[in-house]
Amino acid sequence: MIGKKKVMAGMVLLVVTGGAAVFLFNRVFGTLDPVSRNNRAFSKAVKQWAAQAQEGDCVELSELTPFLWDQVYTFDPYTTRDEMAQAMGCSGKHLQETVNEGMVQLIFVDYDSGSGENRVVCGICGYGTSLGYGVDLGRRFDRRCSYVMLSEAMDLLTLRTEGEYPRLVFEGETFEGVITELYGESALVSVENGWPIRSSGDQVLVGLNEEQKKTAAAGDRIRVRYDGMVMESYPLQLGGQMDTVIWRE
């Protein structure tokens with residue numbers, strides 16, 4: 001009887017010890033949660049690249065992500081998990097809200113053909129001082145959406161080293177031209193030679209902010225920054241306008 005008790009005690013100890021070992025292994029290597037593993041891998045890749053790069057160097061975000069993804073999102077502060085999940089078409093399991101614009105939030109999603117929905121594959125959320133880096137996907141002119149999104153096809157970021165920690169910034173693409181016509185909330189712009197957008201067309205419809213609606217005039221010069229996406233209609237329309245500067249010569 002005593003021998004059986006010893007055997008049973010030994011088996012219990014083995015199970016407990018083995019379970020603890022598996023738990024610790026998963027805590028270290030993240031095998032229980034692929035998203036946590038991807039979070040660590042991404043943060044490590046960003047910091048390693050930034051440590052070797054110089055101010056103004058560029059990198060594609062996909063080069064720093066050892067996992068598959070289609071889009072990456074960042075949301076306005078206080079956007080709820082339910083609102084984020086609805087916008088991205090995914091579960092809210094790995095989503096975290098931000099509470100101010102100084103926080104870094106990156107939510108990478110990949111389309112799951114089995115479920116027909118997006119799934120979160122990486123979710124970074126925190127202050128740059130804690131993360132050791134920052135990532136800025138830029139602002140958009142149209143603020144009807146509570147988020148900014150980049151696709152893997154348009155993910156070139158620039159390293160900026162001023163401040164407490166390195167930052168990767170999406171700066172988009174730029175063109176300059178002349179306003180030829182005004183339509184209330186928008187302006188028709190004739191793009192000057194030499195800008196890449198000219199390969200798609202030379203006339204672009206550009207949105208104006210409230211001040212520009214009052215002061216812009218035909219003949220003014222304009223500089224437009226956008227996310228690189230162009231809808232090839234006539235005139236061209238921008239997928240994601242970031243900002244505009246208008247001046248008069």
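In case you missed it, the structure is sitting above this.
Computed from a predicted structure; not experimentally measured. (Residues numbered from 1 in each chain as written. Predicted model: local features only at pLDDT ≥ 70, side-chain atom pairs only at ≥ 80, totals over all residues. Heavy atoms only, no water.)

### Let's talk about the overall build of the protein
Test applied: The way it works is that DSSP assigns letters per residue, a run of H or I at least four long becomes a helix, a run of E at least two long becomes a strand, and they are numbered from the N terminus. Partly exposed residues are those whose accessible area sits between 20% and 50% of the maximum for their type, while under 20% is buried and over 50% is exposed, using a 1.4 Å probe and protein chains only. Note on areas: Shrake-Rupley, 1.4 Å probe, and residue coverage restricted to the protein chains presented here.
Scanning the protein from terminus to terminus reveals 5 helices and 15 strands. Sorting the 249 residues of the protein into buried and exposed places 37% on the buried side. In the structure as shown, the protein presents an accessible area of about 14,300 Å², 54% of it carried by carbon and sulfur atoms.

### Focus: the environment of L61
We count it as follows: In this analysis, two residues are considered to be in contact whenever any of their non-hydrogen atoms come within 4.5 Å of each other.
Mapped onto the elements, L61 comes out in the loop between β1 (58-60) and β2 (71-75). On the accessibility criterion, L61 (0% relative accessible area) is buried. Excluding anything up to four places from it in sequence, L61 contacts F42, W69, V72, F108, D155 and L157.

### Structural notes on a nonpolar patch on the surface
What counts is decided by this rule: Each patch is built from residues that are more than 30% exposed by relative accessible area and take part in no salt bridge. Like charges join if they lie within 9 Å; nonpolar side chains (Val, Leu, Ile, Met, Phe, Trp, Tyr) join within 5 Å. Within this document, salt bridges are pairs made up of a side-chain nitrogen of Lys or Arg and a carboxyl oxygen of Asp or Glu, the two lying within 4 Å of each other.
Where nonpolar side chains cluster on the molecular surface, the patch consists of Y78, V99 and Y127 and spans about 320 Å² of accessible area. Position of Y127 among the secondary structure elements: in strand β4 (residues 117-127).

### Notes on the side chain of N39
Applied cut-off: Whenever a nitrogen or oxygen atom comes within 3.5 Å of another N or O atom, the pair is scored as a polar contact, on the condition that within protein one atom can donate a hydrogen and the other can accept it, and that pairs from neighbouring residues in sequence are kept only if both atoms are in side chains.
Along the chain, N39 falls in helix α2 (residues 34-52). Side-chain polar atoms of N39 contact the backbone nitrogen of G123, separated by 2.8 Å. Beyond its immediate stretch of four places on either side in the chain, N39 contacts C122, G123 and I124.

### Some details on the sheet that holds strand β12 (residues 221-226)
How we decide: Two strands form a pair only when DSSP identifies at least two bridges running between them.
Read across the open sheet, the 7 strands follow the order β13-β14-β11-β10-β9-β12-β15; overall the sheet is mixed. Each having just a single partner strand, β13 (230-231) and β15 (241-247) make up the two edges of the open sheet. Note: strand β9 (residues 173-182) against β12, 6 bridges, orientation antiparallel. Paired with F175 across the two strands is V224, which belongs to β12.

### A closer look at the sheet that holds strand β7 (residues 156-160)
Where strands meet in a sheet, backbone hydrogen bonds hold them as pairs that are either parallel or antiparallel. What counts, and what does not: Under this scheme, a helix contributes an axis fitted over its contacting stretch, all axes are lines through C-alpha atoms, and angles between N-to-C directions fall in the 0 to 180 degree range.
Across the sheet, 4 strands lie side by side as β1-β7-β8-β5; this open sheet has mixed pairing. Each end of this open sheet is capped by a strand with a single partner; those strands are β1 and β5 (134-136). When the angles between neighbouring strand axes are averaged without regard to direction, this sheet yields 30°.

### A look at α2
Going by this rule: An expected span of 1.5 Å times one less than the residue number is assigned to each helix. When we speak of the arc, we mean the arc of directions from the helix axis to the C-beta atoms.
An ideal rise of 1.5 Å per residue puts 27 Å on 19 residues; α2 measures up with 27 Å between its terminal C-alpha atoms. Every buried residue of α2 is listed here: V35, N38, N39, F42, S43, V46, W49 and A50. Projected down its long axis, α2 carries its buried residues within an arc of 140°, all on one side. Residues of α2 that are exposed and point more than 90 degrees away from the buried face comprise K44, A51 and Q52. Where α2 starts, the residue carrying a side-chain oxygen 3.1 Å from the main-chain nitrogen of V35 turns out to be D33.

This is a description of form; function is not addressed.
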